[in-house]
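# Reading the structure
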Amino acid sequence: MSRPTKPRRVADLPVYTHFKPAGIPFIKLKEIDLKIEELEAMRLKDIEELSQEDCAQKMGISRQTFQLIIDEARKKIAQALIEGLAIRIEGGNYTLNLCQFECLACGAIYTGPYEQLIHQCPSCGSYESRCRGQEEFCTNTCMKAKK
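Residues numbered from 1 in each chain as written. Predicted model: local features only at pLDDT ≥ 70, side-chain atom pairs only at ≥ 80, totals over all residues. Heavy atoms only, no water.

### A few points about the overall build of the chain
When you go through the chain residue by residue, the secondary structure sums to three helices and eight strands. The linear arrangement of helices and strands in the chain, starting from the amino end, is β-β-β-α-α-α-β-β-β-β-β. With 147 residues in all, the chain has 33% of them scored as buried. In the chain, the share of contacts with a sequence separation of at least 24, taken over all contacts with a separation of at least 6, comes to 58%. (Helix = DSSP H or I, 4+ residues; strand = E, 2+ residues; numbered from the N terminus. Buried < 20%, exposed > 50% of the residue type's maximum accessible area, 1.4 Å probe, protein only. Contact = heavy atoms within 4.5 Å.)

Below is the structure:
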């Protein structure tokens, strides 16, 4: 049995999710799906011009996994350009580095980065919180601040 795929970290979701060749109605085009993490890999490497190691670190994956993701992304983009396919950007296995937290003291629900070791509730100021529904991404479940 293989181990579960680790979610890839992405900075933001894309604003634009569809691209198509000019002059052809969308309904007549075949589509190719580009995953969110594939777009993020291209953004980090080709736009931000980071090293492969830095890209992999930002996405929370190994360099080998990063290389596989970016190779697949570039193949899909090349295929779309050469064959005149529409590109749909959606899906994949990613996280935005955010957890929905629940304050154990007052019950308030708020959002925060899961990498942060201690979360303070914006409602009551308590440092007792737990990540709701995304515990596998969260490293700070039920953490308490040292005073």
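### A word on the sheet that holds strand 2 (residues 18-19)
Here three strands make up an open sheet; going across it, the order is 2-4-3 and the pairing mixed. Either end of the sheet is taken by a strand with one partner, and the two such strands are strand 2 and strand 3 (31-34). Of the strand pairs in this sheet, strand 2 and strand 4 (residues 86-89) are connected by two bridges, and their pairing is antiparallel. What sits directly across from Phe 19, in strand 4, is Ile 87. Packed onto the sheet, helix 1 (residues 36-47) meets strand 3 and strand 4 and runs at close to 70° relative to strand 3. Together, strand 3 and strand 4 form the strand contacts of helix 3 (residues 63-83), whose direction differs from that of strand 3 by roughly 160°. (Pairing = 2+ DSSP bridges. Axes fitted to C-alpha atoms, helices over the stretch in contact; angles between N-to-C directions.)

### Observations concerning the nonpolar core
By size, the foremost hydrophobic cluster in this structure holds 21 residues, and its most contacted members are Leu 34, Ala 41, Met 59, Ile 61, Phe 66 and Ile 87. Elements represented by at least two residues in this core include exactly strand 3, helix 1, helix 2 (52-59), helix 3 and strand 4. When residues in this core are grouped by element, the largest group, six residues, is from helix 3. Among the nonpolar cores identified, the runner-up in size contains seven residues, and Cys 99, Cys 103, Ala 108 and Tyr 110 belong to it. (Core = buried A, V, L, I, M, F, W, Y, C linked by side-chain atoms within 4.5 Å.)

### Brief notes about a nonpolar patch on the surface
There is a patch of nonpolar side chains on the surface, built from Leu 13, Leu 96 and Leu 98 and spanning about 230 Å² of accessible area. Structurally, Leu 13 can be placed in the loop between strand 1 (8-9) and strand 2. (Patch = residues over 30% accessible without salt bridge, like charges linked within 9 Å, V, L, I, M, F, W, Y side chains within 5 Å. Areas by Shrake-Rupley, 256 points an atom, 1.4 Å probe, with all protein chains shown as cover. Salt bridge = Lys/Arg side-chain N within 4 Å of Asp/Glu carboxyl O.)

### Focus on the packing of helix 2 against helix 3
Two quantities define a packed helix pair, namely the angle between the axes and the distance from one axis to the other. Close contact between helix 2 and helix 3 brings their axes to 9 Å; oriented N to C, the two are set at 95°. The pairing of helix 2 with helix 3 is recorded here as roughly perpendicular in orientation. Only Arg 63, Phe 66 and Gln 67 of helix 3 make contact with helix 2, whose side of the interface consists of Gln 52, Glu 53, Cys 55, Ala 56 and Met 59. A class-by-class count of the residues in the contact of helix 2 with helix 3 yields four nonpolar, two polar and two charged. (Parallel < 35°, antiparallel > 145°, perpendicular 65-115°, else oblique. Nonpolar A, V, L, I, M, F, W, Y, C, P; charged D, E, K, R; others polar.)

### Here's the deal with the confidence of the model for the chain
Residues with a pLDDT of 70 or more make up 86% of the chain, whose mean pLDDT is 85. Mean pLDDT values for the elements of the chain range from 80 in strand 7 (residues 109-113) up to 98 in strand 3. This stretch, residues 135-147, has a pLDDT under 50; its non-local contacts, to residues over four places away or in other chains, come to 32 contacts. (pLDDT = per-residue confidence, 0-100.)

### Looking at the pattern of salt bridges
Within this structure, the stated rule accounts for eight salt bridges. For Glu 40, the salt bridge goes to Arg 43, with nearest N and O atoms at 2.7 Å. Pair noted here: Glu 40 and Arg 43 are both in helix 1, with a separation of three residues, about one helical turn. With a relative accessible area of 28%, Arg 43 lands in the partly exposed category. Residue Arg 74 is joined to Asp 46 by a salt bridge in which the shortest nitrogen-to-oxygen separation is 2.5 Å. Placement of Arg 74 in helix 3 and of Asp 46 in helix 1 is noted, with a sequence separation of 28 residues between them. Residue classification places Arg 74 among the partly exposed residues on the basis of a relative accessible area of 36%. Sharing partners across several salt bridges, the network here consists of Glu 31, Asp 33, Arg 88 and Glu 90.

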